[in-house]
Amino acid sequence: MSGKTLTFTIHGAETTREEALTIRTFVIAGWTGRDKKALEEHIRELEELGVPRPATTPIYYRIASARLTQDETLEHTGGDSSGEVEFVVLQANGQRYLGLASDHTDRVVETHGIAISKQICDKPIARDLWLLDDVLGHWDQLILRSWAVNGGKRELYQQGPVTAMLPPQDILDGFRDVPLENGSAMLCGTLAAIGGIRPAERFEFELEDPVLQRTIRHGYDIAVLPVAG
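Reading the values: rules and limits
- Residues numbered from 1 in each chain as written.
- Predicted model: local features only at pLDDT ≥ 70, side-chain atom pairs only at ≥ 80, totals over all residues.
- Heavy atoms only, no water.
- Helix = DSSP H or I, 4+ residues; strand = E, 2+ residues; numbered from the N terminus.
- Rg over C-alpha atoms; globule rule 2.2 N^0.38 Å.
- Buried < 20%, exposed > 50% of the residue type's maximum accessible area, 1.4 Å probe, protein only.
- Contact = heavy atoms within 4.5 Å.
- Lys, Arg positive; Asp, Glu negative; His and termini not counted.
- Charge placed at Lys NZ, Arg CZ, Asp CG, Glu CD.
- Pairing = 2+ DSSP bridges.
- Axes fitted to C-alpha atoms, helices over the stretch in contact; angles between N-to-C directions.
- Salt bridge = Lys/Arg side-chain N within 4 Å of Asp/Glu carboxyl O.

Asker: What's the story with the overall build of the chain in this structure? I'm lost.
Answerer: Secondary structure summary: the chain contains four helices and 17 strands in total. Against the globule reference of 17 Å for 229 residues, the chain gives a C-alpha radius of gyration of 17 Å, in line with a compact fold. Dimensions of the chain, computed from C-alpha atoms along their principal axes, come out at roughly 50 × 40 × 35 Å. With 229 residues in all, the chain has 49% of them scored as buried. Of the contacts made within the chain by residues no fewer than 6 positions apart, 72% connect residues no fewer than 24 positions apart. Within the chain, the 34 negative side-chain charges are centred at a point lying 1 Å from the centre of the 23 positive side-chain charges.

If you want it as structure tokens, here you go:
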């Protein structure tokens, strides 16, 4: 089975190393919020915008591993796409890693089919990884943030604790399509957008660990390709 090979910098408690990891199974977990009442309200809001209700919550979308990218520019047709910051769990070489990615999505296509909208956009992923076991003891302290950049102006787009989503093991356990073993990656849910979902010329995002005093950061420009008709 083919896959996408990317090079990461892996930060352990005492060592840092670069390693090429091959991802063969790529999954995006959606609707992973812990607050079920707020989750239902958000589903209804999106239904009013034409986005279909998910069949289950959480729901799991299988995505081609080729969609993962570390490029600094994402090309997409039309100006109706936007990013979403998410923590990602990677499993490779007998280890579990915590990383950071953006579930970049076409918002027009999303009204026709969420799975299709996720499949057609590349998914930028940061180059740094932490050992998941190193943060589980203070998981509730981790913070996700993102910024939308337009015309050189950087605005806070998302911010909140990872506890807005279910714990990582609960999210992983909910996926029963195929075993998540070596060579797998799962994006695990996102936060509400401050001021509403909207496109940007550049998207920047981070995962902060205030206990171990470290941060994973990533960002990418969005190059809008013309729609010929």
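Asker: It is not clear to me how the sheet that holds strand 17 (residues 214-225) should be interpreted in this structure. Could you clarify?
Answerer: Consider a sheet: its strands pair through backbone hydrogen bonds, and that pairing is either parallel or antiparallel. What the five strands build is an open sheet, ordered 6-17-16-13-14; its pairing is mixed. One side of each edge strand has no neighbouring strand; the edge strands of this open sheet are strand 6 (73-77) and strand 14 (153-161). Strand-to-strand twist across the sheet, computed as the mean angle between neighbouring axes with direction ignored, equals 20°. By the bridge criterion, eight bridges tie strand 16 (residues 202-209) to strand 17 in an arrangement that is antiparallel. Bridged to Asp 209 within strand 17 is Arg 214.

Asker: Help me out: how do you make sense of the sheet that holds strand 1 (residues 4-11) in this one?
Answerer: The eight strands lie next to each other as 2-1-12-9-8-15-3-4, forming an open sheet whose pairing is mixed. Of all strands in the sheet, those bounded by a partner on one side alone are strand 2 (16-23) and strand 4 (59-63). On average, each strand axis in the sheet is tilted by 30° relative to the strand beside it, whichever way the strands run.

Asker: In this structure, what is going on with the pattern of salt bridges? I would like to understand it.
Answerer: Per the stated rule, a full pass over the model turns up 20 salt bridges. A salt bridge links Arg 107 to Glu 84, with the shortest nitrogen-to-oxygen separation between them at 3.1 Å. On the criterion of sequence distance, the pair formed by Arg 107 in helix 2 (residues 107-110) and Glu 84 in the loop between strand 7 (81-82) and strand 8 (85-92) is long-range, its members being 23 residues apart. The residues Arg 107 and Glu 84 share a single accessibility class, namely buried. Two residues, Glu 155 and Arg 198, come together in a salt bridge whose shortest N-O distance is 3.9 Å. Within this pair, whereas Glu 155 is found in strand 14, its partner Arg 198 is found in the loop between strand 15 (184-187) and strand 16, the two being separated by 43 residues in sequence. Here Arg 198 falls in the partly exposed class, since its relative accessible area comes to 23%.

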